Amino acid sequence: MKKKRISWSNRYKLFFLDKHTALITAFISIMILPVNYYYGARSGGIDPAGVYDLLMRLVLVGTLLYSLRTHKLFLMQAATVGLLFCMLCSQSQYSLGKLAGLDSETYITMGLQGFIFLAGERMILFIQSFICVSHFIIHIARRQEAIRISVNQVSLLFLLALLIVQLMIAPILAFERDYILYIWTLHLDELFIFILVACAELILMLDQREYTGE
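Here's what I pulled together on the structure shown here. (Residues numbered from 1 in each chain as written. Predicted model: local features only at pLDDT ≥ 70, side-chain atom pairs only at ≥ 80, totals over all residues. Heavy atoms only, no water.)

### Observations concerning the packing of aromatic side chains
Each aromatic ring pair is characterised by the separation of its centres together with the angle its planes make.
Line of reasoning, step 1. A full pass over the atoms with the stated rule returns two aromatic pairs.
Line of reasoning, step 2. Ring geometry for Y38 versus Y39: centroids 5.1 Å apart, planes at 75°, classification edge-to-face.
Line of reasoning, step 3. Ring centres of Y179 and Y182 lie 6.1 Å apart, and the angle between their planes is 45°; this geometry places the pair in the tilted category. One end of the pair, Y179, and the other, Y182, are both in helix 8 (residues 177-212), three residues apart, so they sit about a helical turn from each other.
Line of reasoning, step 4. In this structure Y179 comes out as buried when scored by relative accessible area, which is 14%. (Phe/Tyr/Trp six-rings, centres within 6.5 Å; stacked < 30°, edge-to-face > 60°. Helix = DSSP H or I, 4+ residues; strand = E, 2+ residues; numbered from the N terminus. Buried < 20%, exposed > 50% of the residue type's maximum accessible area, 1.4 Å probe, protein only.)

The following block contains the structure:
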């Protein structure tokens with residue numbers, strides 16, 4: 001007998017539906033937060049708003065993990081929306097505020113990687129905005145829901161790829177070591193948070209399909 005091949009779509013679902021995926025990503029995300037605060041404080045890259053953002057991440061990641069483990073769908077939905085907006089506000093403040101406020105000579109000195117990093121941050125903000133809007137459209141509109149969900153999942157994967165690129169570029173930027181580590185841990189935390197969000201998105205999608213009888 002020939003072995004049945006598991007499609008990439010099924011592998012994607014199996015990975016994000018695995019309880020260990022949510023548990024491990026949430027645990028790593030929470031462990032990164034104090035490290036991020038440490039390097040942010042040492043480099044001067046974090047302000048009171050940034051500290052508040054880290055506290056909100058801690059609460060929302062813990063809430064989302066709890067809702068995933070107990071299958072409390074309304075709490076899962078609320079925590080997912082909260083995390084999406086938390087990431088969006090943080091990224092907009094960083095890419096449109098802190099990075100935009102730097103002298104253009106700073107990026108010229110860093111060379112091509114500096115411009116790639118800046119463009120990557122703006123692209124991450126755009127994708128995060130798209131994911132937030134798409135999340136609400138998915139749960140409001142009924143027509144062509146499967147297409148919207150697929151687009152949202154692809155957007156999440158594209159966002160993860162962008163975050164990985166930024167993690168690779170950050171260590172070679174002409175910033176101070178502590179500031180680079182602050183940026184690196186910040187994006188690393190976002191990477192695991194969005195994996196956790198993808199887990200919740202898939203569960204909410206499957207539950208909605210069962211409810212509508214699709």
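### Topic: unusual backbone geometry
Line of reasoning, step 1. With a phi angle near 60°, H71 is a residue other than glycine that sits in the positive phi range.
Line of reasoning, step 2. Relative to the helices and strands, H71 is located in the loop between helix 3 (48-70) and helix 4 (73-98).
Line of reasoning, step 3. Residue H71 is classed as partly exposed on the basis of its relative accessible area, which comes to 45%.

### Notes on helix 2 (residues 19-43)
Line of reasoning, step 1. If you check helix 2, its first and last C-alpha atoms are 36 Å apart, about what 25 residues at 1.5 Å a residue would give, namely 36 Å.
Line of reasoning, step 2. Backbone geometry just downstream of helix 2 places G44 in the positive-phi region, at approximately 75°. (Expected span 1.5 Å × (residues − 1).)

### Overview of the pattern of salt bridges
Line of reasoning, step 1. Within the structure shown, the criterion is met by five salt bridges.
Line of reasoning, step 2. Between R57 and D189 there is a salt bridge, and its shortest N-O distance comes to 2.9 Å. Of the two residues, R57 is situated in helix 3 and D189 in helix 8; the sequence distance between them amounts to 132 residues.
Line of reasoning, step 3. As a salt-bridge pair, E190 and R57 come within 3.5 Å of each other at their nearest N and O atoms. (Salt bridge = Lys/Arg side-chain N within 4 Å of Asp/Glu carboxyl O.)

### Focus on the side chain of R57
Line of reasoning, step 1. R57 sits in the buried class, given a relative accessible area of 0%.
Line of reasoning, step 2. Side chain to side chain, R57 and D189 meet in a polar contact 2.9 Å long.
Line of reasoning, step 3. Among all residues touching R57, those that are not within four sequence positions of it are L33, C86, M87, S90, L186, D189, E190 and I193. (Polar contact = N/O pair within 3.5 Å; in protein donor to acceptor, adjacent residues only side chain to side chain. Contact = heavy atoms within 4.5 Å.)

### Quick look at the nonpolar core
Line of reasoning, step 1. Core analysis: the biggest nonpolar cluster contains 42 residues, and L64, L68, M76, L83, L159, F194 and L196 have the highest contact counts within it.
Line of reasoning, step 2. Where this core is concerned, the elements lending two or more residues are helix 2, helix 3, helix 4, helix 6 (112-140), helix 7 (145-169) and helix 8.
Line of reasoning, step 3. Considering every element that reaches this core, the biggest residue donor is helix 8, with 15 residues.
Line of reasoning, step 4. Aside from chain neighbours lying at most four places away, what touches M76 is L64, S67, L68, H71, A200, I203 and L204.
Line of reasoning, step 5. I169, L173, F175 and Y182 belong to the second largest nonpolar core, which has 18 residues in total. (Core = buried A, V, L, I, M, F, W, Y, C linked by side-chain atoms within 4.5 Å.)

### Some words on a nonpolar patch on the surface
Line of reasoning, step 1. A cluster of nonpolar residues, L55, L58 and V59, forms a patch on the protein surface that exposes about 260 Å² of accessible area.
Line of reasoning, step 2. Turning to its location among the elements, L58 is positioned in helix 3.
Line of reasoning, step 3. The class of L58 is partly exposed, set by a relative accessible area of 37%. (Patch = residues over 30% accessible without salt bridge, like charges linked within 9 Å, V, L, I, M, F, W, Y side chains within 5 Å. Areas by Shrake-Rupley, 256 points an atom, 1.4 Å probe, with all protein chains shown as cover.)

### Quick word on the packing of helix 3 against helix 4
Line of reasoning, step 1. With their axes 9 Å apart at the nearest point, helix 3 and helix 4 run at an angle of 155° to one another. Relative to helix 4, helix 3 is oriented roughly antiparallel. Taken as a pair, helix 3 and helix 4 cross one another with a handedness that is left-handed. Where helix 3 abuts helix 4, its residues A49, D53, M56, R57, L60, V61, T63, L64, Y66, S67 and L68 lie against L75, M76, A79, T80, G82, L83, C86, M87, S90 and Q93.
Line of reasoning, step 2. Split into classes, the residues belonging to the contact of helix 3 with helix 4 amount to 13 nonpolar, six polar and two charged. (Axes fitted to C-alpha atoms, helices over the stretch in contact; angles between N-to-C directions. Parallel < 35°, antiparallel > 145°, perpendicular 65-115°, else oblique. Left-handed = near helix turned anticlockwise from the far one by under 90°. Nonpolar A, V, L, I, M, F, W, Y, C, P; charged D, E, K, R; others polar.)

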